[in-house]
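Given next are the chains, with one letter for each unit.
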Amino acid sequence: MRSAFAHPVDDAQRTFRAALSAMAEPLLPRPLPVLPPVLPGLQAATAALLYTLADQDVRVWLPALPDETVSSLRFHTGMRLADLPEDADFIIIAAGMPLPDLMSLKAGSAEYPDRSATLLIEVDGFAADQVEGSGPGFAAPRRFGAAGLPKNFWREWQRNHARFPLGVDAMLISDTHIAGLPRSVRIRED
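Note that this is a predicted model, so its numbers are computed, not measured. (Residues numbered from 1 in each chain as written. Predicted model: local features only at pLDDT ≥ 70, side-chain atom pairs only at ≥ 80, totals over all residues. Heavy atoms only, no water.)

Colleague: Account for the sheet that holds strand S10 (residues 186-189), with residues named and values stated.
Modeller: Pairing in this open sheet of 3 strands is antiparallel, and the strands run S7-S6-S10 from one edge to the other. Looking at the sheet topology across the chains shown, the edges are occupied by strand S7 (142-147) and S10. Here the average twist between neighbouring strands, direction ignored, is 55 degrees. Contacting strand S6 (125-134), S7 and S10, helix H4 (residues 153-161) runs over the sheet at an angle of about 145 degrees to S10. (Pairing = 2+ DSSP bridges. Helix = DSSP H or I, 4+ residues; strand = E, 2+ residues; numbered from the N terminus. Axes fitted to C-alpha atoms, helices over the stretch in contact; angles between N-to-C directions. Contact = heavy atoms within 4.5 Å.)

Colleague: Just give me the short version of the packing of aromatic side chains, but keep the residues and values in it.
Modeller: Pairs of aromatic rings are described using the distance from one ring centre to the other and the angle between the two planes. Inspection of the entire model under this criterion finds 5 aromatic pairs. On the basis of an interplanar angle of 65 degrees and a centroid distance of 5.8 Å, the ring pair of Phe5 and Tyr51 is categorised as edge-to-face. With a gap of 46 residues between them, Phe5 in the segment before helix H1 (8-24) and Tyr51 in helix H2 (residues 44-53) connect regions that are remote in the sequence. The class of Phe5 is buried, set by a relative accessible area of 7%. Since its relative accessible area comes to 9%, Tyr51 is described here as buried. With centroids separated by 6.2 Å and ring planes inclined at 85 degrees, the aromatic side chains of Phe144 and Trp154 adopt a geometry described as edge-to-face. With Phe144 in strand S7 and Trp154 in helix H4, this pair connects stretches of sequence that are 10 residues apart. Since its relative accessible area comes to 1%, Phe144 is described here as buried. (Phe/Tyr/Trp six-rings, centres within 6.5 Å; stacked < 30°, edge-to-face > 60°. Buried < 20%, exposed > 50% of the residue type's maximum accessible area, 1.4 Å probe, protein only.)

Colleague: How would you sum up the environment of Ala110? Please name residues and give values.
Modeller: Among the structural elements, Ala110 can be located in the loop between strand S4 (90-93) and strand S5 (118-122). Residue classification places Ala110 among the exposed positions, given a relative accessible area of 71%. In this structure the C-alpha to C-alpha distance between Ala110 and Pro29, which are 81 residues apart in sequence, comes to 30 Å.

Colleague: Before we move on, can you summarise a negative patch on the surface with the specific residues and values?
Modeller: Taken together, the side chains of Asp83, Glu86, Asp87 and Asp101 make up a negatively charged region of the molecular surface. By the secondary structure assignment, Asp87 is in the loop between strand S3 (80-81) and S4. Asp87 sits in the partly exposed class, given a relative accessible area of 33%. (Patch = residues over 30% accessible without salt bridge, like charges linked within 9 Å, V, L, I, M, F, W, Y side chains within 5 Å. Areas by Shrake-Rupley, 256 points an atom, 1.4 Å probe, with all protein chains shown as cover. Salt bridge = Lys/Arg side-chain N within 4 Å of Asp/Glu carboxyl O. Lys, Arg positive; Asp, Glu negative; His and termini not counted. Charge placed at Lys NZ, Arg CZ, Asp CG, Glu CD.)

Colleague: Tell me about unusual backbone geometry, residues and numbers included.
Modeller: Note that the residue after Phe164, namely Pro165, is joined by a cis bond; omega there is 15 degrees. Along the chain, Pro165 turns up in the loop between H4 and strand S8 (169-173). Notably, Leu27 is not glycine yet its phi reads approximately 60 degrees, a positive angle. Locating Leu27 in the fold gives a position in the loop between H1 and strand S1 (30-31).

Colleague: I'd like a description of the environment of Met79, backed by residues and values.
Modeller: Relative to the helices and strands, Met79 resides in the loop between helix H3 (67-77) and S3. Other than its neighbours up to four places away in sequence, Met79 contacts Ala54, Asp55, Gln56, Val58, Val60, Leu62, Leu73 and Arg74.

Colleague: Can you tell me about the nonpolar core, naming the residues and giving the values?
Modeller: Of all hydrophobic cores here, the largest spans 30 residues; its most connected members are Leu50, Val60, Leu62, Leu73, Met171 and Ile178. Elements with a contribution of two residues or more to this core: H1, H2, H3, S4 and S8. Of the residues forming this core, the biggest block, 6 residues, is contributed by H2. When sequence neighbours within four positions are dropped, the list of residues in contact with Leu73 reads Leu39, Leu42, Leu50, Tyr51, Leu62, Gly78 and Met79. Core analysis: the next-biggest nonpolar cluster, separate from the first, contains 28 residues, Leu27, Ile91, Ala117 and Val123 among them. (Core = buried A, V, L, I, M, F, W, Y, C linked by side-chain atoms within 4.5 Å.)

Colleague: So what's going on with the side chain of Asp11? Residues and values would help.
Modeller: Position of Asp11 relative to the elements: it lies in helix H1. Although buried, Asp11 forms no salt bridge, and the nearest oppositely charged side chain, Arg14, lies 4.0 Å from it. Among the polar contacts listed, one links the side chain of Asp11 to the backbone nitrogen of Ala6, at a separation of 3.5 Å. (Polar contact = N/O pair within 3.5 Å; in protein donor to acceptor, adjacent residues only side chain to side chain.)

Colleague: Kindly report on the sheet that holds S8, identifying the contributing residues and their values.
Modeller: The sheet built from 7 strands is open, its strands ordered S1-S9-S8-S5-S4-S2-S3 with mixed pairing. With one partner strand each, in any of the chains shown, S1 and S3 form the two edges of the open sheet. In the sheet, S8 pairs with strand S9 (residues 177-181) via 4 bridges, with the strands oriented antiparallel. From the neighbouring strand, Leu172 faces S9, where its bridge partner is Ala179. Sitting on the sheet, H2 is in contact with strand S2 (59-61), S4, S5, S8 and S9, with an inclination near 140 degrees to S8.

Structure follows, in structure tokens:
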């Protein structure tokens, strides 16, 4: 069994605050304050978010990962695994994986828009050269880019945003940094 955070409560609280800040100021990459030991098949920041956000009340869809990684995540979080991305509360998109059809994922409802899925998408790194984002959480439009995003990601994100206030949210994850991408973000491609 792999170890998780060295100080589970404090480290999860610090990570949760960083995730909230990332969603409040979208497309502004920020370092995670603490990282757990690496789990085979996942970036350290992805494991940190799962240790923080997953519990017995959520369903997580995972790509094919080594058994020891899945066992460790389940042991430390109590999360339940979803067979299909459409059934999951959190969907892990490991580096290089294709994007599932965003329109098929949990998008919430008019009464409960918060009952939607969140994608945790691993990327190779961040830059400022792909799109311009605006909307709630932006003092002014912000340039942003992420290397290694799934093909047609920004086009699919625009379709997702068109359903607002319904739709999915995303967290873009490099090895040590995260950038929030709530469904409220308007994207303009160059």
